[in-house]
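If you want the building blocks of each chain, they are given just below.
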Amino acid sequence: MKPTELLRAIVLPLIDASILVPLLVFWLLLLIATWAGLFGLWLLVLVIPAIIRFQMIVLEALGRGAMPATPDIGFFNWFGNAWTLFPAPLVVLLIWGTASVAESYGTASAVLPVLFASGFFPASIAVLAITQSPLQSLNPAAIVNLLS
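What you see is a predicted model, and the numbers here were worked out from it, not measured in a lab. Numbering of residues starts from 1 in each chain and follows the order in which that chain's sequence is written. It should be noted that, the model being predicted, local features are given only for residues of pLDDT at least 70 and side-chain atom pairs only at 80 or more, the latter also being counted only at that level, while totals for whole chains, interfaces and linings use all residues. Water and hydrogen atoms were dropped before computing side-chain values, which therefore reflect all heavy atoms in the structure.

Novice: Can you help me understand the overall build of the protein chain in this one?
Specialist: When helices and strands are tallied, the protein chain shows 7 helices and 0 strands. Helix numbers and strand numbers start at the N terminus; a helix is a DSSP run of H or I with at least 4 residues, a strand a run of E with at least 2. Each helix (α) and strand (β) of the protein chain, taken in turn from the N terminus, gives the series α-α-α-α-α-α-α. In terms of principal-axis extent, the alpha carbons of the protein chain reach across some 45 × 45 × 30 Å. Taking all 148 residues of the protein chain together, the buried fraction comes to 28%. The criterion used for residue contact is that any of the two residues' heavy atoms lie within 4.5 Å. Look at the contacts in the protein chain between residues 6 or more apart in sequence, and 53% of them connect residues 24 or more apart. Areas reported here follow the Shrake-Rupley algorithm with a probe of radius 1.4 Å; residue values treat only the protein chains shown as occluding. Accessible area of the protein chain: about 9700 Å², with a carbon and sulfur share of 75%. Charged residues are defined narrowly, with Lys and Arg counted positive, Asp and Glu counted negative, and His plus the chain ends left uncounted. To locate a charge, take atom NZ for lysine, CZ for arginine, CG for aspartate or CD for glutamate. Charge separation in the protein chain, taken as the distance between the mean sites of 4 positive and 5 negative side-chain charges, equals 9 Å. The classification of residues rests on relative accessible area computed with a 1.4 Å probe and restricted to protein chains. Under 20% of the type maximum is buried, over 50% is exposed, and intermediate values are partly exposed.

Novice: Is there a simple way to explain the layout of surface pockets in this structure?
Specialist: With a probe scaled to a water molecule rolled over the atoms, the places where space remains empty come into view. The rule is simple: put a 1 Å grid over the protein atoms alone, call a set of points where a 1.4 Å probe fits but cannot get out a cavity, call an open set with protein on both sides within 12 Å along at least five of seven lines a pocket, and count a residue as lining if it has an atom within 4 Å of a point. Grid points are joined across faces, edges and corners, and a volume is the space filled by probe spheres set on the points. Taken as a whole, the largest pocket spans an internal volume of roughly 470 Å³. In this structure, the largest pocket is lined by 15 residues; those nearest its centre are Ala 9, Leu 12, Val 58, Leu 59 and Leu 62. Elements with a minimum of two residues in the lining of the largest pocket: helix H1 (3–15), helix H2 (17–35) and helix H3 (40–64). Under the scheme applied, nonpolar residues are Ala, Val, Leu, Ile, Met, Phe, Trp, Tyr, Cys and Pro; charged residues are Asp, Glu, Lys and Arg; polar residues are all the others, including Gly. In terms of residue class, the lining of the largest pocket is built from 11 nonpolar, 2 polar and 2 charged.

Novice: Even after reading the chapter, I still don't get unusual backbone geometry, so can you show me in this structure?
Specialist: Leave glycine aside and you will find that most residues have negative phi; peptide bonds, for their part, are mostly trans. Positive phi, close to 60 degrees, is recorded for Gln 132, a residue that is not glycine. Mapped onto the elements of the fold, Gln 132 is located in the loop between helix H5 (111–131) and helix H6 (134–137).

Novice: Looking at this structure, how should I read the packing of helix H4 (residues 87–105) against H5?
Specialist: The angle between two axes is taken between their N-to-C directions and runs from 0 to 180 degrees, where each axis is a line fitted to C-alpha atoms and a helix contributes only its stretch in contact. Interaxial distance between H4 and H5 falls to 11 Å at its minimum, and their mutual angle equals 170 degrees. Judged on the interaxial angle alone, H5 and H4 are roughly antiparallel. When H4 is examined against H5, the residues Pro 87, Leu 90, Val 91, Leu 94, Thr 98 and Val 101 are found in contact with a partner set consisting of Pro 113, Val 114, Phe 116, Ala 117, Phe 120, Phe 121, Ser 124, Ile 125 and Leu 128. Class assignment for the residues of the contact of H4 with H5 results in 13 nonpolar, 2 polar and no charged. For this classification, under 35 degrees means roughly parallel, over 145 means roughly antiparallel, 65 to 115 means roughly perpendicular, and everything else is oblique.

This is how it looks when you write it as structure tokens:
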């Protein structure tokens with residue numbers, strides 16, 4: 001990848017309105033949810049999966065060389081395109097594993113799971129965006145194949 005392509009990929013959310021506007025709307029919804037206190041939990045339950053789904057749709061579309069679809073009401077649906085919600089339990093599992101290691105063996109030992117997660121998670125998400133299969137994204141052979 002050329003440096004100019006990498007720079008364009010990094011700043012794409014800032015220069016493309018089809019990505020920037022939904023990100024601003026999601027930010028506003030999260031802000032409202034945090035201000036709403038207990039009632040904001042219901043909004044968080046709707047918004048967080050939509051944010052994760054939007055990020056996966058953007059990743060998948062850019063992997064195909066296309067522009068992502070603009071979010072609609074379907075992004076807030078818990079059913080349909082279930083593969084786009086798979087990063088959520090994966091993040092919870094990695095955080096839980098890191099916290100468990102830190103609690104059992106001390107904070108300094110939590111560096112090992114953090115290093116593992118920092119290598120495993122992006123590769124797993126890339127495999128997920130390519131294959132749209134949660135099981136394949138956990139396959140070590142597929143991750144090694146992607147990295148090689």
